[in-house]
Amino acid sequence: MTGQLRPLLLTLALSVAPLGAVARADTGYELWLRYRRVPNATRLAEYRRVFAQASVESNSATGRVIRDELTLGLRGLLDTTAVVGVGVGGNPGLIVGVVSSSRIAALLPASRRPPAGSESFVIATLKRADKTVVVVAGNTELGALYGTFALLRGMQIQQPVPKLEAAEAPRIRRRLLDHWDNLDGSVERGYAGSSLWDWTRLPGTVSPRYRDYARANASIGINGAVLTNVNANARVLTPEYLTKIAALANVFRPYGIRVYLTARFSAPIEIGGLRTADPLDSAVRAWWRAKADEIYRYVPDFGGFLVKANSEGQPGPQDYHRTHADGANMLADAVAPHHGVVMWRAFVYSNDVPVDRVKQAYDEFTPLDGAFRANVLIQTKNGPLDFQPREPFHPLFGALPKTAQMLEFQITKEYLGEDTHLVYLAPLFKEVLDADTYVRGPGSTVARVIDGTLQGQRETGIAGVANVGNDTNWTGSQFNQANWYAFGRLAWNHQLSPAAIAEEWIRATLTNDDAAVRTIAHIMLVSREAAVNYMTPLGLAHIMGSNHHYGPAPWARLARADWSPVYFHRADSIGIGFDRTATGSDAVAQYAAPVRDRLADRATVPDSLLLWFHHVGWREPMRSGRTLWDELALHYQAGVDTVRAMRREWLSARAMIDAPRFAEADSFLGIQEREARWWRDAALQYFASFSHLPLPAGVEAPAHSLEYYMSLRCPADPRKPRCPNVP
Ligand code: GCW
């Protein structure tokens, strides 16, 4: 080591200390960045040979982040004092940096350059005088950072060195977490404690967690965060808050994470002193332009605005008889000089409109196709209703060919058991991404609509409503971490399989024991279908308890029809389900012809979406030959049975999991099993009051009467792991 480098390494050792160090025990704090010693002895020896010395060819902020992560990762995985530094002399076995750096330019053959793009990377294994040299290179430093995380991920799953090779570029440009965090520290639909953003202490106190948050996101390719709730508070746009936002942006910047904010449409009135927020009013337009200029002075790489307008009581352009395009374009013009974007949500519906709620977004937005500025993205939830356990894909995908369109998933499990139920969401995400819209013939998948390859838009994006909070384990339960992870991995590459993602996550997070990995992956992979079965089988939707959306309440009738379970399931003496064919609301007509025809026809609609599109008689035969009633009951039972099996399988992995995390998941699975029974029994008791049919063989008798289930009240505080009195 040269004398010149010595002080640098010393600073490094000091600066590395807080990284990932808030809690080293198995609390879950370290997420999938645990970097424990590689258990496979052959692999460990191989890694020690190659990675004993690593050099990062940059001393920029991102270069230092790479160096810090490699130090933590290599020292942990190799369980030795790997030497990691900037510009390390000699013959280090690992060299990381940008392709243009002299060392990498000299080493990397032209054929091994990273794919085009500012975030892409290559991991190349080269032979140099009998020694293996691994080069991780990006066209930019951010690409090199993503490559570093890919290398560490490969090592965590114990890939042999040659198999660490990769050449990747993200398929979608903006890969964001949307935080529904309020300025008072609460998190709408958050089940993991309070907001991570400590507004009262910022900017003076910058928690080390912000850096660990950025590391976790960068490690899975997430490159943006909307910090505030879509049900927005205009105060976040005031200088008082902008200084706090700037402090967060400074922490995130070296990790490639841009900050975005939600813009409350009425902000010009609330904090600007104007009388109107009319988007065509010149004073309003000038106010937003000035506000955007001001924000960019605080945060020069600010990403842009996310807006929920004229939805669920939020203000918007329609308050002034203007269109969504008028509103979005005004904000887009304000951020355009700074290369910002506006993400305008398509989650709009009105109780005053006597139209099937799931049809309304399509009806409102399709006439506006082509009317939006190039820097507007229409952000559409995966399904036309609201993050249900299963929905068909949103008919807007593919229906806005002249508009950039983003996909919004919900990572926080508002309708899927919140913090306690183990529900791995990758199968849900993948089902939507792979759904074929047929708008340009077969193969017109939702993924290809949003990655821009189908309709050619330049701006592309995907957002996940975050499930993180200030709980030590970040996500309220250990297994909810996997959903954050899976979202990021699929946002980077929607071709990955839920099984492959589960395996990566388990090996990095829980255990590298092959048998345990198989068992846990199986638990995860069956979990989403289990939840669909014990909550809303056969295409049912939105029959959860009012407001908190936890637990069954199919009987509920709310002030707003379109918030009411009875509106959605439509059970009566004849049957159950929402007729969305031509004889009903005709929502099915919003899909391209082959999809529409398949869904509209009882002979071809998949069982999984049957009651979403059809009102079906209780005694009508299903594909299985059983009646609808029997099939419904057996699906509820199957949901319970699967959860029981998940519990047993988890027990079999006990020896391979640290005690605290094993115990937490075990107790949560116990809650999930009780609540799966609660769901089954409450729903079947209620539906039986219409069908008047007995339960088929194989379905357990409900433990209590319908009145009993109707009398249960779930806690308003969703952090309580179970509802009081739940059987
Ligand atoms: O899913 C519903 C939630 C609301 C949420 C809304 C939305 C932020 O119940 O809490 O509000 O959707 O997506 O805007």
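Residues numbered from 1 in each chain as written. Predicted model: local features only at pLDDT ≥ 70, side-chain atom pairs only at ≥ 80, totals over all residues. Heavy atoms only, no water.

> Could you clarify how one ought to interpret the overall build of the protein in this entry?
On a plain count of helices and strands, the protein comes out with 22 helices and 16 strands. Radius of gyration (C-alpha) of the protein: 26 Å, near the 27 Å computed for a compact globule of 727 residues. If you line up the protein on its principal axes, its C-alpha atoms span 85 × 65 × 50 Å. On the protein, roughly 25100 Å² of surface is accessible, and the fraction owed to carbon and sulfur atoms is 52%. (Helix = DSSP H or I, 4+ residues; strand = E, 2+ residues; numbered from the N terminus. Rg over C-alpha atoms; globule rule 2.2 N^0.38 Å. Areas by Shrake-Rupley, 256 points an atom, 1.4 Å probe, with all protein chains shown as cover.)

> Explain the site of the ligand here, please?
Residues in contact with the ligand amount to 14 residues; listed here are only the nearest, Glu188, Lys308, Arg345, Asp386 and Glu414. Contacts to the ligand include Asn231, whose side-chain N or O atom sits 3.2 Å from an oxygen atom. Computed on the free molecule, the ligand has an accessible area of 340 Å², of which 97% lies beneath the protein chains in the complex. In terms of residue class, the shell around the ligand is built from 3 nonpolar, 3 polar and 8 charged. (Near = heavy atom within 4 Å. Polar contact = N/O pair within 3.5 Å; in protein donor to acceptor, adjacent residues only side chain to side chain. Nonpolar A, V, L, I, M, F, W, Y, C, P; charged D, E, K, R; others polar.)

> When you look at the sheet that holds strand 13 (residues 404–410) in this model, what are you seeing that I'm missing?
Adjacent strands of a sheet form backbone hydrogen bonds with each other and so pair up, either parallel or antiparallel. An order of 7-8-9-10-11-12-13-14 is seen for the 8 strands of this closed barrel, with the pairing classed as parallel. Between one strand axis and the next, the sheet turns by 25 degrees as a mean value, whatever way the strands run. Taken together, the 5 bridges between strand 7 (residues 174–178) and strand 14 (residues 461–465) define a ladder with parallel strand orientation. For Asp178, the partnering residue across the bridge sits in strand 14 and is Val465. (Pairing = 2+ DSSP bridges. Axes fitted to C-alpha atoms, helices over the stretch in contact; angles between N-to-C directions.)

> Just checking my understanding: could you explain unusual backbone geometry for this structure?
For residues that are not glycine, phi is negative in most cases, and the peptide bond is trans in most cases. Following Leu202, the chain continues to Pro203 via a peptide bond in cis, the omega torsion being 0 degrees. Note on placement: Pro203 falls in the loop between strand 7 and helix 6 (208–219). Backbone geometry at His542 places phi at a positive 55 degrees, although glycine is not the residue there. Following the sequence through the fold, His542 ends up in the loop between helix 16 (514–535) and helix 17 (565–569). In this structure, Arg570 takes a positive phi of about 55 degrees despite not being glycine. The topology assignment puts Arg570 in the loop between helix 17 and strand 15 (575–576). Here Arg570 falls in the partly exposed class, since its relative accessible area comes to 32%. (Buried < 20%, exposed > 50% of the residue type's maximum accessible area, 1.4 Å probe, protein only.)

> Looking at this structure, how should I read the nonpolar core?
Considering soluble globular proteins, one finds that nonpolar side chains tend to be buried as a cluster. One finds Phe51, Leu74, Phe252, Trp288, Trp344, Trp484 and Phe687 to be the most contacted residues of the largest nonpolar core, which totals 231 residues. Considering every element that reaches this core, the biggest residue donor is helix 21 (residues 659–691), with 12 residues. In contact with Leu74, other than residues within four places in its own chain, are Phe51, Ala54, Asp79, Ala82, Val84, Leu94, Leu152 and Met155. Grouped together as the second largest cluster of nonpolar side chains are 11 residues, Ile95, Ala124, Val135 and Ala137 included. (Core = buried A, V, L, I, M, F, W, Y, C linked by side-chain atoms within 4.5 Å. Contact = heavy atoms within 4.5 Å.)

> When you look at the pairing of strand 5 (residues 131–138) in this model, what are you seeing that I'm missing?
A regular strand carries its side chains on alternate faces of the sheet. Taking burial as the measure, the 8 residues of strand 5 include 7 buried ones, the bulk of the element. With 8 bridges connecting them, strand 4 (residues 121–128) and strand 5 associate as antiparallel partners. Bridged to Ile123 within strand 5 is Val136. In this structure, the hairpin formed by strand 4 and strand 5 is closed by a connection of 2 residues, where Ala129 is found at a positive phi of approximately 45 degrees.

> It is not clear to me how the pattern of salt bridges should be interpreted in this structure. Could you clarify?
Oppositely charged side chains can form a pair if their charged atoms are brought close together. One pass over the full model with this rule turns up 47 salt bridges. A salt bridge links Arg103 to Glu57; its shortest N-O distance comes to 3.0 Å. Placement of Arg103 in helix 4 (residues 102–107) and of Glu57 in the loop between strand 1 (53–56) and helix 3 (61–78) is noted, with a sequence separation of 46 residues between them. The class for Arg103 is partly exposed, based on a relative accessible area of 21%. Here Glu57 falls in the partly exposed class, since its relative accessible area comes to 21%. Three or more residues joined by partner-sharing salt bridges are found here, namely Asp641, Arg644, Arg647, Glu673, Arg677, Arg680, Asp681 and Glu700. (Salt bridge = Lys/Arg side-chain N within 4 Å of Asp/Glu carboxyl O.)

> I would appreciate a short explanation of the confidence of the model for the protein in the present structure.
Caution applies to low-pLDDT parts of the model: their predicted coordinates are not meant to be read in detail. Of all residues in the protein, 95% have pLDDT values of 70 or greater, and the mean over the chain is 94. The low-confidence segment residues 1–24, where pLDDT is below 50, has 40 contacts with residues more than four positions distant or belonging to other chains. (pLDDT = per-residue confidence, 0-100.)

> I would appreciate a short explanation of the side chain of Thr509 in the present structure.
Tracing the backbone shows Thr509 in helix 15 (residues 498–509). Ignoring any residue separated from it by four or fewer positions in sequence, one finds Thr509 in contact with Leu31, Trp32, Arg34, Gln481 and Arg661.

> Would you mind showing me how to read the packing of aromatic side chains here?
A complete count under the given rule lists 35 aromatic pairs for this structure. Aromatic pair Trp180 and Phe387: ring centres 6.5 Å apart, planes at 45 degrees, arrangement tilted. With Trp180 in the loop between strand 7 and helix 6 and Phe387 in the loop between strand 12 (376–381) and strand 13, the pair connects residues that are 207 residues apart, well separated along the chain. Phe387 carries the same exposure label as Trp180, and that label is buried. The interplanar angle of 35 degrees and the centroid separation of 4.4 Å between the aromatic rings of Phe409 and Phe429 together place this pair among those described as tilted. (Phe/Tyr/Trp six-rings, centres within 6.5 Å; stacked < 30°, edge-to-face > 60°.)

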